[in-house]
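The residues making up each chain are set out below.
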Amino acid sequence: SASKDTIEAAQSSVRRRTDYILQVLRKNGIKERCIHCSSEISRGESVSMQTDIMVRTDSLMKCETVRNLLVEKLDPSVRFTSISFHHTPETKDSKREEAFKKGIANAKSKAQSIAQTMGVRLGPALEVTELPQEMTQRGAETGTGMESLESDPNKPNPEPFVSLHHRFNSATLLYSSEVAIVFEAQALRCCSHKKCPKH
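Residues numbered from 1 in each chain as written. Predicted model: local features only at pLDDT ≥ 70, side-chain atom pairs only at ≥ 80, totals over all residues. Heavy atoms only, no water.

Engineer: Is there a simple way to explain the packing of helix 1 (residues 7–27) against helix 2 (residues 60–73) in this structure?
Structural biologist: Packed helix pairs are characterised by how far apart their axes lie and by the angle those axes make with each other. Interhelical geometry of helix 1 versus helix 2 gives an angle of 150° and a closest axis separation of 11 Å. With respect to each other, helix 1 and helix 2 are oriented roughly antiparallel. Read as a crossing pair, helix 1 and helix 2 show a hand that is right-handed. Residue-level contacts link Tyr20, Ile21, Val24 and Leu25 of helix 1 to Val66, Leu69, Leu70 and Lys73 of helix 2. Among the residues forming the contact of helix 1 with helix 2, the class breakdown is seven nonpolar, no polar and one charged. (Axes fitted to C-alpha atoms, helices over the stretch in contact; angles between N-to-C directions. Helix = DSSP H or I, 4+ residues; strand = E, 2+ residues; numbered from the N terminus. Parallel < 35°, antiparallel > 145°, perpendicular 65-115°, else oblique. Left-handed = near helix turned anticlockwise from the far one by under 90°. Contact = heavy atoms within 4.5 Å. Nonpolar A, V, L, I, M, F, W, Y, C, P; charged D, E, K, R; others polar.)

As structure tokens, this is what we get:
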């Protein structure tokens, strides 16, 4: 944000910082589709302009690296919110499907092991039943994830600082899938035609 005497001066001041931030984001592999910018200009005793930049990434390490670099390089006129964690519907659906596929693979592996123990060959699946999936959360999120990292001295009882990794673990969703599969068991043939030994 910036407060200047003219719109042009405010825009120029904010643009320099915005361009630098976008340059750092691109150099660190953040795609354009993951960057959203919005600007607002207001008039009072002076002209004020504020630009908000929201960045989405699935790499916590990259997010930490970029944010810490920008905090170090930019002046206090650029404010940073704390990192927040969100799950898109597409990501949730993808993880549910991944859990289901792993459940099928585990069920088939166990059935194969049982078939070998019983001396039979595992045949095709005759029936597949997916039991209700379970989704658990490691812990409740603290706050909205958008609060300032610094406590407000004007608050009589400031909330205790919650570490980034604690909030990350609290926002992590765990999916489990239970699958029941009925396989056909086929008898093993030890040999063929006239080569079988006579009993």
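Engineer: Help me understand the packing of aromatic side chains in this model?
Structural biologist: Aromatic rings considered in pairs are described by the distance between their centres and by the relative angle of their planes. As enumerated under the stated definition, the model contains one aromatic pair in all. Between phenylalanine 85 and phenylalanine 168, the ring centres sit 5.5 Å apart and the planes meet at 70°, which makes this aromatic pair edge-to-face. In this pair, phenylalanine 85 sits in the loop between helix 2 and helix 3 (89–118) while phenylalanine 168 sits in helix 4 (residues 164–171), placing the two residues 83 residues apart along the sequence. (Phe/Tyr/Trp six-rings, centres within 6.5 Å; stacked < 30°, edge-to-face > 60°.)

Engineer: What's the story with the sheet that holds strand 3 (residues 47–55) in this structure? I'm lost.
Structural biologist: Pairing between the strands of a sheet comes from backbone hydrogen bonds, and it takes one of two forms, parallel or antiparallel. Read across the open sheet, the three strands follow the order 1-3-2; overall the sheet is antiparallel. Unpaired on one side and paired on the other, strand 1 (2–4) and strand 2 (35–43) mark the two borders of the sheet. Each adjacent strand pair in this sheet contributes to an overall mean axis angle of 15°, direction not counted. Of the strands in this sheet, strand 1, strand 2 and strand 3 touch helix 1, which is tilted by about 15° from strand 3. (Pairing = 2+ DSSP bridges.)

Engineer: Where do I start with the pattern of salt bridges in this structure?
Structural biologist: Two side chains that carry opposite charge are able to pair once their charged atoms sit near each other. In this structure the tally under the stated criterion is five salt bridges. For glutamate 32, the salt bridge identified is with arginine 26, shortest N-O distance 2.4 Å. With a relative accessible area of 43%, arginine 26 lands in the partly exposed category. In this structure, arginine 96 engages aspartate 93 in a salt bridge whose closest nitrogen and oxygen atoms are separated by 3.0 Å. A residue pair is termed a helical-turn pair when its members lie 3 or 4 positions apart in one helix, as arginine 96 and aspartate 93 do in helix 3 at three residues. (Salt bridge = Lys/Arg side-chain N within 4 Å of Asp/Glu carboxyl O. Buried < 20%, exposed > 50% of the residue type's maximum accessible area, 1.4 Å probe, protein only.)

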